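These are the residues of each chain, in order.
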Amino acid sequence: MTDQELLAAADAAAARAYAPYSNFHVGCAVLTRDGRVVEGVNVENAAYPLGVCAERTAFSRAVSEGFRPGDFVVAAITASPCGGCRQWLHEMGVERVVFRNGGRVVTMTPNELLPESFDSSKLA
Ligand SMILES: [Zn+2]
């Protein structure tokens, strides 16, 4: 699967977002090392801070199905990932992130998205 195909899967997933408050639909499609695609969408809540981003729903779903950090190759997102999701992308060890930003398609590594990040090595 190409990055463009994965981004198309994220686009299709975004149509299933639950975003009645912002109407900002986001989709995320994650390609695993064994070739599976796990999709997520943003899920909002009337108590606004409780909403969850598409990236986090995708990775939460993947982890629930048995995947672990390092099992992911690419995450494709229909929008630029927020700061919190950049931390998640780093934690999940995805190799690269492909996302739309201002009409461009951008490819970056988690380290480029979140330099000098916090990780488990700081907890020792
Ligand atoms: Zn986010």
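About the criteria used
Residues numbered from 1 in each chain as written. Predicted model: local features only at pLDDT ≥ 70, side-chain atom pairs only at ≥ 80, totals over all residues. Heavy atoms only, no water. Donors = N, O, S within 2.8 Å, 3.2 Å for Na, K, Ca; no water. Helix = DSSP H or I, 4+ residues; strand = E, 2+ residues; numbered from the N terminus. Buried < 20%, exposed > 50% of the residue type's maximum accessible area, 1.4 Å probe, protein only. Salt bridge = Lys/Arg side-chain N within 4 Å of Asp/Glu carboxyl O.

### Here we look at the coordination of the zinc ion
- Taken together, Cys53 (SG), Cys82 (SG) and Cys85 (SG) make up the full set of protein donors to the zinc ion, lying 2.3 Å away.
- Between the donor residues of the zinc ion, the gaps in sequence give the motif C-x28-C-x2-C. Of this pair, Cys53 sits in the loop between strand S2 (37–41) and helix H2 (54–64) while Cys85 is found in helix H3 (residues 83–92), placing the two residues 32 residues apart along the sequence.
- On the basis of relative accessibility, which here comes to 24%, the residue Cys53 falls in the partly exposed class.
- Judged by its relative accessible area of 0%, Cys85 is buried.

### Examining the pattern of salt bridges
- Tallied over the entire structure, the rule returns 7 salt bridges.
- Here Asp3 ties to Arg96 by a salt bridge, and the two come within 2.9 Å at their closest N and O atoms. Here Arg96 lies in strand S4 (residues 96–101) and Asp3 lies in helix H1 (residues 3–14), a separation of 93 residues in the sequence.
- Its relative accessible area of 18% is what places Asp3 among the buried residues.
- Taking the relative accessible area as the measure of exposure, Arg96 reaches 28% and is therefore partly exposed.

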